[in-house]
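Here is how the chains run, residue by residue.
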Amino acid sequence: MNKNFVKIVTGIACMTLLSASLMGCSGNTETADTTASVEASSEAAAEITVTFMEGETVLGTATAQAGEVLSADSYSNYETKEGSEFLGWYEAPSFIEASKKDLTTDTFEEDTTLYASFSAAEVTEDTRKWYLAGTSQTGPLKDNNWAGDIGQELIDSFELVPTGNAVNEFAITIDLYAGDEFQIIADWSWDVQKGYGLFTELDDTQFASGGSLGGSEQKANVDVLQDGNYTITLTTNPDNSSLDTVVIVRNGDVTNE
């Protein structure tokens, strides 16, 4: 074979390899630049904002990197209120305990709204009237018809009346039967209701949840499992409804068979 031909072919091959090598280097540079750009963009998007609220009032905001603990200086001023005690920050405006956040340790991965819970030193008088609303096959709640149009005299028989033992404490003593269902409502209206999830110290041999309504146990019916005469006591705080409590005590067997 002609030696000059071999040299020419070899030279062309080397130039081709060199060109490919240079193109490869150029491509790697562009890829590296693109990756760096994406990473920079990702870092910029990692900043989150936490909005602090009291009711419907915005107290302020704080920013941090996702996954980082907020600086105490960015929110501590929102934890004071004249004449009130700060109880904590909650993701749920209804102050559900499961939504409570400890800002000294908890972090956030996205923009978040937190609600401040306060307890006033002096509790506002509750001027609402509270009633049982429910249904029964055999007991008094049979006439209740889930707070239906039953006449004022009968409505009054389902009222939780002030006990005089404590501020905003209301109670009713009533016969309940297995199969009965009920909740507590304000002013014979369903605008405010207190269901199973808001009752405390329930005996699970006497009561059960009737299933959540609207995804919340707080609006679930209380199902009666055991006949008996019961006293239901409600204590309210109009300034912070998350502090309301409901206790049911079985006094004994039903009084009117």
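Higher on the page you've got the structure.
Residues numbered from 1 in each chain as written. Predicted model: local features only at pLDDT ≥ 70, side-chain atom pairs only at ≥ 80, totals over all residues. Heavy atoms only, no water.

Draft legend 1. Quick peek at the pattern of salt bridges. Scanning the entire structure with this criterion turns up five salt bridges. Arg128 is the partner of Asp126 in a salt bridge, and the nearest nitrogen-oxygen pair spans 2.9 Å. When the shortest N-O distance is used, the salt bridge between Asp244 and Lys194 registers 2.8 Å. Of this pair, Asp244 sits in the loop between strand 14 (228-235) and strand 15 (245-252) while Lys194 sits in strand 10 (residues 189-194), and the two are 50 residues apart along the sequence. Of the two residues examined, Asp244 and Lys194, each falls in the buried class. (Salt bridge = Lys/Arg side-chain N within 4 Å of Asp/Glu carboxyl O. Helix = DSSP H or I, 4+ residues; strand = E, 2+ residues; numbered from the N terminus. Buried < 20%, exposed > 50% of the residue type's maximum accessible area, 1.4 Å probe, protein only.)

Draft legend 2. Highlighting the nonpolar core. Grouped together as the largest cluster of nonpolar side chains are 27 residues, with contacts concentrated most on Leu132, Leu160, Leu176, Phe182, Ile184, Phe207 and Ile232. Beyond its immediate stretch of four places on either side in the chain, Ile232 contacts Leu132, Leu160, Phe170, Ala171, Ile172, Phe182, Ile184, Val246, Val247 and Ile248. Counting residues in each nonpolar core, the second largest holds 13 residues, with Phe52, Ala64, Leu70 and Trp89 among its members. (Core = buried A, V, L, I, M, F, W, Y, C linked by side-chain atoms within 4.5 Å. Contact = heavy atoms within 4.5 Å.)

Draft legend 3. Region of interest: the pairing of strand 5 (residues 112-120). Counting buried residues along strand 5, eight of its nine residues qualify, which places the element largely inside the surrounding structure. Where strand 3 (residues 84-90) lies against strand 5, six bridges are found, and the strand directions are antiparallel. The residue of strand 5 that forms the bridge with Tyr90 is Tyr115. (Pairing = 2+ DSSP bridges.)

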